[in-house]
Amino acid sequence: MKDKNERIHQILLKTAHVPKHLIHHYERNNVAEFVLHSLGNQECFNLSKAAYFIDNPDFNHLQGIAGYHVNEAYKENHWETPDIFSQHMQTTPFNQTVRGLSLPSIQKNKKSQQDVAHELAYSLGIEKPNFLSWPVKYENYGFLVFEPSPEDDPEFLQEQLEIGAHLLGFCPIF
């Protein structure tokens, strides 16, 4: 892994641009895919796979929102070609599988987050899953199941991703 300070600087530079793009593309119904793609790519958190879910205890619902798979990643700047990126994401099997997943709420049913993360990881082919959960607006929770790239330090990545993943909470969910 690169020097940690250099890596933090690289992540900071990449994530610092996300709010500007969020404002510009806020009306899109798949903005979470844009943000997850920014976070997951090699220049930021360098994830192999990531699946973002919203846990809504009021409606007893955990819904897949966006998926990122390094082998299905969009190769151009997705913020500059939003229509083409959106079409691309509609054809990626991993993203479509994530978006099709729906389970009962983790929070409402007081389930083990680790058990649910492993259940989701199994169904998505994530071999070495990690997960994060954090409060988002409207008393919901973000839930991210991810697999770091093999060359990254999982503890370092978990620490940094806990900060960056909050950007997903600003995404409108349609």
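Notes on the structure follow. Just so it is clear, the structure is predicted and the values come from calculations on it, not from any experiment.

### Description of the layout of surface pockets
Turning to step 1, where the next piece is worked out: What the largest pocket holds in volume is close to 410 Å³.
Turning to step 2, where the next piece is worked out: Around the largest pocket, the lining is made up of 20 residues, and of these Lys14, Asn41, Glu43, Tyr74 and Glu76 lie nearest the centre.
Turning to step 3, where the next piece is worked out: Tallied by class, the residues present in the lining of the largest pocket amount to seven nonpolar, nine polar and four charged.
Turning to step 4, where the next piece is worked out: Along the wall of the second largest pocket there are 15 residues; nearest its centre are Ile54, Lys137, Tyr138, Asn140 and Ile173.
Turning to step 5, where the next piece is worked out: Breaking the lining of the second largest pocket down by element, the ones donating at least two residues are strand E1 (47-56) and strand E2 (61-69).
Turning to step 6, where the next piece is worked out: Taken together, the residues that form the lining of the second largest pocket break down as nine nonpolar, five polar and one charged.

### Points about the sheet that holds strand E3 (residues 102-103)
Turning to step 1, where the next piece is worked out: Read across the sheet, five strands follow the order E3-E2-E1-E5-E4 without closing on themselves; strand pairing throughout is antiparallel. Here the strands that pair on one side only, and so sit at the sheet edges, are E3 and strand E4 (130-136).
Turning to step 2, where the next piece is worked out: Here eight bridges tie E1 to strand E5 (residues 140-148), and the two strands are oriented antiparallel to one another. Within E5, the position partnered with phenylalanine 53 by the bridge is phenylalanine 143.

### Side note on the packing of aromatic side chains
Turning to step 1, where the next piece is worked out: Tallying each qualifying case throughout the model produces five aromatic pairs.
Turning to step 2, where the next piece is worked out: Measuring from ring centre to ring centre gives 6.0 Å for tyrosine 52 and tryptophan 134, while their planes differ by 15°; the resulting arrangement is stacked. Residue tyrosine 52 is found in strand E1, and its partner tryptophan 134 is found in strand E4; the two are separated by 82 residues along the sequence. Each member of the pair, tyrosine 52 as well as tryptophan 134, carries the same accessibility label: buried.
Turning to step 3, where the next piece is worked out: Each member of the aromatic cluster is reached from another via a ring pair, and the members are Phe34, Tyr74, Trp79 and Phe85.

### Some points on helix H3 (residues 31-40)
For an α-helix, the turn length of 3.6 residues means that residues three or four places apart are oriented alike.
Turning to step 1, where the next piece is worked out: Of all 10 residues making up H3, 10 are buried, and the element is well covered by its neighbours.
Turning to step 2, where the next piece is worked out: When H3 is considered as a whole, its buried residues turn out to be Val31, Ala32, Glu33, Phe34, Val35, Leu36, His37, Ser38, Leu39 and Gly40.

### Focus on the pairing of E1
Turning to step 1, where the next piece is worked out: Counting buried residues along E1, 10 of its 10 residues qualify, which places the element largely inside the surrounding structure.
Turning to step 2, where the next piece is worked out: Bridge count between E1 and E2: eight bridges; the pairing is antiparallel. Opposite aspartate 55, over in E2, you have leucine 62 as the bridge partner.
Turning to step 3, where the next piece is worked out: What sits between the antiparallel neighbours E1 and E2 is a turn of four residues, in which asparagine 60 has the positive phi angle 50°.

### Points about empty space enclosed by the protein
Turning to step 1, where the next piece is worked out: The full count for this structure, using the stated rule, is one cavity of 30 Å³ or more.
Turning to step 2, where the next piece is worked out: Each pocket or cavity is described by its volume, and for the largest cavity that value is around 40 Å³.
Turning to step 3, where the next piece is worked out: What lines the largest cavity is simply His37, Gly67, Tyr68, His69, Glu72, Ala73, Met89, Thr92, Phe94 and Asn95.
Turning to step 4, where the next piece is worked out: Looking at the lining of the largest cavity element by element, the count peaks at three residues for E2.
Turning to step 5, where the next piece is worked out: Residue classes in the lining of the largest cavity are distributed as four nonpolar, five polar and one charged.

### Overview of the nonpolar core
Proteins that are soluble and globular tend to have nonpolar side chains buried together.
Turning to step 1, where the next piece is worked out: Among the nonpolar cores identified, the biggest contains 35 residues, and Val35, Tyr52, Leu144 and Leu168 are the most heavily contacted of them.
Turning to step 2, where the next piece is worked out: A per-element tally of this core places H3 first, with six residues.
Turning to step 3, where the next piece is worked out: If you look at the next biggest cluster of nonpolar residues, it comprises 15 residues, including Phe94, Leu101, Ala121 and Ile126.

The rules behind the values
Residues numbered from 1 in each chain as written. Predicted model: local features only at pLDDT ≥ 70, side-chain atom pairs only at ≥ 80, totals over all residues. Heavy atoms only, no water. 1 Å grid on protein atoms, 1.4 Å probe; cavity = no way out; pocket = protein on both sides within 12 Å on 5 of 7 lines; lining within 4 Å. Points joined across faces, edges and corners; volume = space filled by probe spheres on them. Nonpolar A, V, L, I, M, F, W, Y, C, P; charged D, E, K, R; others polar. Helix = DSSP H or I, 4+ residues; strand = E, 2+ residues; numbered from the N terminus. Pairing = 2+ DSSP bridges. Phe/Tyr/Trp six-rings, centres within 6.5 Å; stacked < 30°, edge-to-face > 60°. Buried < 20%, exposed > 50% of the residue type's maximum accessible area, 1.4 Å probe, protein only. Core = buried A, V, L, I, M, F, W, Y, C linked by side-chain atoms within 4.5 Å.

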